[in-house]
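# Inside the fold
Here is how the chains run, residue by residue.
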Amino acid sequence: MPELPEVETIKRGLAKNIVGKRISGFAADVPKMLNRPAAAYRKTVAGKKITGIGRRAKMLIVDLDGGWRLWFHLKMTGQLVFSGGKKKVVGGHPIREGFEQDPNRFTRATFEFSDGSHLFFNDVRKFGWVRLYRDRELAGRLEAMKLGPEPLSPEFTLPFFRKSLQRRPNNKIKAFLMDPRNVVGLGNIYSDEVCFYARVRPDRRVKTLKDNEIKLLFQGIRKILAEAIKYEGTSFSDYVNALGEAGAYTKKLKVYQRYGLKCCRCRGKVSRMKFGGRTSHFCPSCQR
Ligand SMILES: [Zn+2]
């Protein structure tokens, strides 16, 4: 699943292309990916202008005039494709070979703009969604999710981080980092990288962390996510940047998917282990 830097990259790529456009049509054929009948979407969004695009955690929020918002989650295999004339912008899951045309048989929702360009939501496995809400309704939904702060916002502070850690002393640190109630946007990739940065094993219990390790974890979250955004994210099987290219942060990864390779810090061997249904990568000699 794309994590914070990948979704932020998609947002930035789309912002340049869809903000300011007016929607002229809508079609969708997978009811479970919507929160109202497709006909209701069509009626509501037709004629509306896109006034902005934002991100919260791993979700995208598209503002429409008239107080409506579209809320996207790409989940495991979702992909957004903007297509207008010769221009094509892809973000999310990579395009499968043989499905370079849009729409294709994985296209689940299509927004048409008044200038003839389109935004396609393609999703092989149909776990993603696009929901339509009024401003206030969406704000309420987001609040109900009890999401933690955005890690790159001023709300995410060291005292806040410390307090959240105190609330969950028995969590394993990786599970803690991936729990969006504590801090949003970190998934399997960046939680491994943050643990490596702080020299902490991902399976350590939160209550065993020393103060300097807490500081390093906090610092690592902000530093690594900011840098990953700069490099337009990390690409493996589930993400390409808004130009349909691999995110350049893949080359910057220190432990994730580097099992058996040399640790770039101590020259030991990167190891991996499984817990909570996920594989964690770490260096057993320099992470304690
Ligand atoms: Zn090492």
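I will try to describe carefully the structure that is included in this document.

Rules of the game
- Residues numbered from 1 in each chain as written.
- Predicted model: local features only at pLDDT ≥ 70, side-chain atom pairs only at ≥ 80, totals over all residues.
- Heavy atoms only, no water.
- Donors = N, O, S within 2.8 Å, 3.2 Å for Na, K, Ca; no water.
- Tetrahedral: all angles 85-135°; square planar, octahedral: opposite > 155°, others 65-115°.
- Helix = DSSP H or I, 4+ residues; strand = E, 2+ residues; numbered from the N terminus.
- Buried < 20%, exposed > 50% of the residue type's maximum accessible area, 1.4 Å probe, protein only.
- Disulfide = S-S within 2.5 Å.
- Contact = heavy atoms within 4.5 Å.

### So, the coordination of the zinc ion
Binding of the zinc ion to the protein goes through Cys263 (SG), Cys266 (SG), Cys283 (SG) and Cys286 (SG), at separations of 2.3 to 2.4 Å. Metal-centred angles of 100 to 120 degrees between the 4 donor atoms at the zinc ion mark the site as tetrahedral. Here the donor residues of the zinc ion are spaced in sequence according to C-x2-C-x16-C-x2-C. Placement of cysteine 263 in the loop between helix H7 (211-230) and strand E10 (271-275) and of cysteine 283 in the segment after strand E11 (278-282) is noted, with a sequence separation of 20 residues between them. The two residues cysteine 263 and cysteine 283 agree in class, both being buried.

### As for the state of the cysteines
The tally for this structure, following the rule as stated, stands at 0 disulfides. The thiol of cysteine 195 is not disulfide-bonded; the next cysteine sulfur, from cysteine 286, is found 12 Å away. Summary of cysteine pairing: cysteine 264 is not part of a disulfide, and the nearest cysteine sulfur, belonging to cysteine 263, is at 5.1 Å. Relative accessible area serves as the criterion here: at 39%, cysteine 264 is assigned to the partly exposed category.

### Brief notes about the side chain of glutamate 8
Considering the arrangement of structural elements, one finds glutamate 8 in helix H1 (residues 4-18). Excluding anything up to four places from it in sequence, glutamate 8 contacts Arg55 and Ile229.

### Considering unusual backbone geometry
Along the chain, aspartate 102 connects to proline 103 via a cis peptide bond; the corresponding omega equals -5 degrees. Note on placement: proline 103 falls in the loop between strand E6 (87-92) and strand E7 (107-113). Residue arginine 267 is not a glycine yet carries a positive backbone phi of 65 degrees. If you trace the backbone, arginine 267 turns up in the loop between H7 and E10. Residue arginine 267 is classed as exposed on the basis of its relative accessible area, which comes to 54%.

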